[in-house]
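# Remarks on the overall topology
Given next are the chains, with one letter for each unit.
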Amino acid sequence: QESRSVSQAFPTSILGTSFEASDPFLLCENWYSISEGEAKDPDDFPVDWHPHRGMLSVSYFKTGTVRHADSMGNRETFRAPGLQWFFAGSGVMHAEGGTPKGKSQQGFRFWINVPATHKMDNPTYGAVQ
């Protein structure tokens, strides 16, 4: 069982039709899922390796276990509740996921557009449990 939704940062009925009106928010993601199993290899993730650049994501995990890995060398596993931020800057590859089989993961994430002057800054990652 999985329910994952990605939506506009704010409804257009509030902002009108202009994307710029919601800047710096790109979107808000809300999810609830029940894990179908755990990876056998530490580099296997339900959300496989993929790139990001020039944006920041801030995630709050309400339930579940969170695994994160990235091309900066960060590897972390923590249990919710917790907060995680990921500044992609000039570009980074990452993968995520990892709640044990049959357990739920629930949370939400804000995707934030960073000013042009910072899009090529070095990427950073952090988490608070």
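Residue indices follow the written sequence of each chain, beginning from 1 at its first position. Residue-level local features of this predicted model are given only where pLDDT is at least 70; pairs of side-chain atoms are given and counted only at 80 or more, and the full residue set underlies all totals for whole chains, interfaces and linings. Where side-chain values are given, they derive from all heavy atoms of the structure, hydrogens and water being excluded.

### Concerning the overall build of the protein
On a plain count of helices and strands, the protein comes out with 1 helix and 10 strands. What counts as a helix is a DSSP run of H or I of at least four residues, what counts as a strand is a run of E of at least two, and both are numbered from the N terminus. Each helix (α) and strand (β) of the protein, taken in turn from the N terminus, gives the series β-α-β-β-β-β-β-β-β-β-β. Any residue under 20% of the maximum accessible area for its type is buried, any over 50% is exposed, and the rest in between are partly exposed; the area is computed with a 1.4 Å probe on protein chains only. Classification of the 129 residues of the protein by burial places 35% in the buried group. Of all intrachain contacts in the protein linking residues separated by at least 6 positions in sequence, the fraction that spans at least 24 positions is 76%. Split by element, the accessible area of the protein, about 7,500 Å² in all, is 55% carbon and sulfur. Contacts are assigned to residue pairs that have any heavy atoms within 4.5 Å of one another. All accessibility values rest on the Shrake-Rupley procedure with a 1.4 Å probe; residue burial counts only the protein chains present in the view.

### Side note on the side chain of D70
With respect to the element layout, D70 can be found in strand β5 (residues 65-70). Despite its burial, D70 pairs with no opposite charge; the closest candidate is R75, at 5.5 Å N-O. As used in this structure description, the phrase polar contact means that two N or O atoms lie within 3.5 Å; if the pair is within protein, one of them must be able to donate a hydrogen and the other to accept it, and residues adjacent in sequence are counted only when both atoms belong to side chains. Among the polar contacts listed, one links the side chain of D70 to the side chain of N74, at a separation of 2.9 Å. With residues up to four places along the chain from it excluded, the contact list for D70 reads W49, R75, F86, V92, M93, H94 and Y125. None of His or the chain ends enter the tally, which takes Lys and Arg as positive and Asp and Glu as negative. Basic side-chain nitrogens of Lys or Arg form a salt bridge, by our definition, when they fall within 4 Å of a carboxyl oxygen of Asp or Glu.

### Considering the pattern of salt bridges
Under the criterion given, the structure shown has 2 salt bridges. Salt-bridge contacts for E29 lead to R109; the nearest nitrogen and oxygen are separated by 3.1 Å. With E29 in strand β2 (residues 25-34) and R109 in strand β9 (residues 104-113), this residue pair connects regions lying 80 residues apart in the sequence. Exposure remark for E29: the relative accessible area of 6% places this residue in the buried category. Here R109 falls in the buried class, since its relative accessible area comes to 5%. Ionic pairing is found between E96 and R109, a salt bridge with its closest N-O pair at 3.1 Å.

### A look at the environment of V92
Among the secondary structure elements, V92 is positioned in strand β8 (residues 92-96). A relative accessible area of 5% means that V92 is categorised as buried. Considered as a pair, V92 and M72 are 20 residues apart in the sequence and their alpha carbons are 7.3 Å apart. Apart from the residues lying within four places of it in its own chain, the contact partners of V92 are H50, P51, H52, D70, S71, M72, F86 and P123.

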